[in-house]
Amino acid sequence: MIGYATDPLGYLTRCSREYGDVVRLRFPGTLAYLITHPDHIEQILVKNNRNFIKDKYTREELSVLGSGLLISEGDFWRRQRRLAQPAFHRRRIEAYGETMVSFTERMLEDWRDGEVRDVHREMMRLTLEIVAKTLLDADIAGEAEDVGEAMGEIMDYFSDQGSGSFLRLLPERFPTPGNVRYRRAVRRLDGIIYSIIEERRRSGADTGDLLSMLLHAEDEHGNRMDPQQLRDEVMTVVLAGHETTAIALSWMFYLLGENPEAETKLLAELEEVLDGRTPTVGDLPRLRYADAVIKESMRLYPPAWAIGREALGECEIGGYRVPTKTQMFISQYVTHRDSRFFDDPEIFDPSRWLDGRTQSLPHYAYFPFGGGPRLCIGSNFARMEAVLLLAAIAREFRLEPVPGEIPVPQPSITLRPRGGIRMKLSKRRVSTERSEP
Ligand code: HEM
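Residues numbered from 1 in each chain as written. Predicted model: local features only at pLDDT ≥ 70, side-chain atom pairs only at ≥ 80, totals over all residues. Heavy atoms only, no water.

Along the protein, the regular secondary structure elements total 17 helices and 12 strands. On C-alpha atoms alone, the protein measures out to a radius of gyration of 22 Å, which is about the 22 Å that the 2.2 N^0.38 rule sets for 437 residues. Seen through its C-alpha atoms, the protein measures out along the principal axes to roughly 65 × 55 × 40 Å. With 437 residues in all, the protein has 55% of them scored as buried. Carbon together with sulfur atoms contributes 50% to the accessible area of the protein, which is approximately 20000 Å² in total. (Helix = DSSP H or I, 4+ residues; strand = E, 2+ residues; numbered from the N terminus. Rg over C-alpha atoms; globule rule 2.2 N^0.38 Å. Buried < 20%, exposed > 50% of the residue type's maximum accessible area, 1.4 Å probe, protein only. Areas by Shrake-Rupley, 256 points an atom, 1.4 Å probe, with all protein chains shown as cover.)

This is how it looks when you write it as structure tokens:
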């Protein structure tokens with residue numbers, strides 16, 4: 001447990017490399033297994049998914065999301081998922097492409113040649129504005145700083161969870177400094193979410209977006225969702241819908257900045273496909289290298305670095321008995337860096353996704369969006385957003401790491417870069433043409 005508290009990523013990686021595919025973790029008072037083989041992961045997430053619910057740590061860490069889609073269970077979850085699904089259908093998502101690119105260009109108008117910016121902060125703000133506009137038709141630019149700060153407090157709270165301070169052992173209701181900051185952060189987010197909902201309710205408009213779907217949905221008795229449930233669902237898509245994509249993009253820009261060869265290939269593709277234009281959804285099938293860059297970044301730095309489940313009934317995995325209530329740890333970070341599935345696993349090499357090397361991978365050797373019925377509802381949204389934002393930014397700016405500053409992953413609920421990633425911006429000299437606003 002001490003090893004886990006000080007360095008979760010290193011500890012879990014060592015456990016898996018030294019003790020095999022199913023490892024019993026020594027957590028006080030809790031039976032927990034680390035599961036790293038793709039076949040066993042598939043067994044938990046897909047084949048035998050009905051025997052598992054979300055693990056107790058996830059339930060606790062994501063309590064800010066109430067009973068929203070990410071942690072609700074059973075028939076209630078199924079119904080809510082069906083309700084939200086239409087907002088994520090391919091054709092609907094494609095219509096979000098223009099907003100994604102135009103918001104990116106709005107951000108780039110403030111960027112100056114030669115300045116240093118925290119790319120994580122920039123991406124958090126941008127993806128937040130995009131998710132609010134596309135799914136809730138809300139302009140959240142004025143609140144972005146507030147949301148960013150509150151999210152930072154929440155992530156720090158949970159990444160400090162295992163840091164050994166006795167204060168962390170006290171329940172959330174005790175007024176320790178950490179608990180007070182955490183509760184204040186949740187209240188700030190609540191204020192913003194409730195005002196978005198209230199504004200729409202007052203306007204009475206049915207704009208056909210996710211918020212309208214949630215507001216107008218009725219169950220078989222004609223009842224609508226109560227305000228608390230509405231808040232939980234909106235909070236879930238706002239948080240799940242921007243934090244992870246922003247992290248994926250942040251690590252990606254850092255990795256690209258460190259790998260000029262990959263950057264050169266990316267630029268060649270952007271030039272050939274875009275020829276000086278802004279990217280559109282229609283370009284996506286041809287932006288194959290850009291897509292590989294994102295896949296490879298999420299292999300090395302998966303924004304959701306671990307998934308947890310709790311066994312409802314006894315079962316068997318990889319020849320080991322799994323008793324009821326066992327906490328199952330599955331880590332994208334650990335499996336994505338396993339040399340049985342990826343050659344030179346520590347090396348950033350986007351080409352592996354294009355030259356056939358990854359074609360015969362077991363299904364769950366790479367699973368940044370999870371899998372089975374609880375697969376990320378926003379996976380297509382996120383993939384499209386990541387490629388469009390990468391193309392729109394990289395064609396205008398080169399982002400260089402600041403010498404001597406090496407970002408460190410902070411394994412909290414997500415895999416943020418601790419303290420952000422400062423990068424130097426250099427405006428590219430090629431003449432570029434912007435789309436009309
Ligand atoms: C790179 C970006 C993203 C990553 C890496 C990611 C990752 C994940 C993962 C791993 C899960 C499954 C968790 C589990 O099985 O316990 C998940 C679920 C979920 N994600 Fe994402 N996500 C991303 C973007 C998004 C976006 C853009 C949205 C919404 C706009 C979103 C909304 C959700 C929701 C609502 C769930 C819960 C789904 C359910 O259980 O029915 N995510 N995500």
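Turning next to the site of the ligand. Surrounding the ligand, one finds 27 residues, the nearest of these being Trp77, Arg81, Arg309, Arg374 and Cys376. The contact in question runs from an oxygen atom of the ligand to an N or O atom on the side chain of Trp77, over 2.7 Å. Here an oxygen atom of the ligand sits 2.8 Å away from a polar atom, N or O, in the side chain of Arg309. Contributing elements (two or more residues each) for the shell around the ligand: helix H5 (74–84), helix H8 (119–136), helix H13 (243–258), strand S5 (307–311) and helix H17 (379–394). Looking at side-chain class alone, the shell around the ligand contains 17 nonpolar, 6 polar and 4 charged residues. (Near = heavy atom within 4 Å. Polar contact = N/O pair within 3.5 Å; in protein donor to acceptor, adjacent residues only side chain to side chain. Nonpolar A, V, L, I, M, F, W, Y, C, P; charged D, E, K, R; others polar.)

Next up on the list: the pairing of strand S1 (residues 22–27). In this sheet, strand S2 (residues 30–35) lies alongside S1 in antiparallel orientation, the contact comprising 6 bridges. Among the inter-strand pairings, Leu25 is bridged to a residue of S2, identified as Ala32. The turn linking S1 back onto S2 is made up of 2 residues, and Gly29 within it adopts a positive phi angle of 70°. (Pairing = 2+ DSSP bridges.)

On to the pairing of strand S9 (residues 397–401). Residues Phe397, Leu399 and Pro401 of S9 are buried on one face, while the alternating residues Arg398 and Glu400, pointing to the opposite face, are not. Pairing of S9 with strand S12 (residues 422–427) involves 5 bridges; the strand directions are antiparallel. Looking across to S12, one finds that Glu400 is bridged to Lys424.

With respect to the secondary-structure elements, Glu316 resides in strand S6 (residues 315–317). For Glu316, the side chain forms a polar contact with the main-chain nitrogen of Gly319, separated by 3.2 Å.

This part is about helix H15 (residues 288–300). Compared with the 18 Å implied by 1.5 Å per residue over 13 residues, the 19 Å span of H15 between its first and last C-alpha is a close match. Every buried residue of H15 is listed here: Tyr289, Ala290, Ala292, Val293, Ile294, Glu296, Ser297, Met298, Arg299 and Leu300. Packing partners of the buried residues in H15 comprise H13, helix H14 (260–274), helix H16 (332–336) and H17. (Expected span 1.5 Å × (residues − 1). Contact = heavy atoms within 4.5 Å.)

The tally for this structure, following the rule as stated, stands at 38 salt bridges. Note that Arg352 is salt-bridged to Asp343, the shortest N-O span being 3.1 Å. Owing to a relative accessible area of 1%, Arg352 belongs among the buried residues under this scheme. A relative accessible area of 40% places Asp343 in the partly exposed class. (Salt bridge = Lys/Arg side-chain N within 4 Å of Asp/Glu carboxyl O.)

What follows is about the side chain of Thr358. Among the secondary structure elements, Thr358 is positioned in the loop between H16 and H17. Those residues within four positions of Thr358 in sequence are excluded, and the remaining contacts are Phe342, Arg352 and Trp353.

This part covers the environment of Pro175. If you trace the backbone, Pro175 turns up in the loop between helix H9 (144–159) and helix H10 (177–203). A C-alpha to C-alpha distance of 21 Å links Pro175 and Arg59, two positions 116 residues apart in sequence.

By size, the foremost hydrophobic cluster in this structure holds 124 residues, and its most contacted members are Phe253 and Leu390. Of the residues forming this core, the biggest block, 11 residues, is contributed by H17. Those residues within four positions of Phe253 in sequence are excluded, and the remaining contacts are Val119, Met123, Leu390, Ile393, Leu399 and Met423. With 16 residues, the next largest nonpolar core counts Ile35, Ile41, Leu45 and Phe52 among its residues. (Core = buried A, V, L, I, M, F, W, Y, C linked by side-chain atoms within 4.5 Å.)

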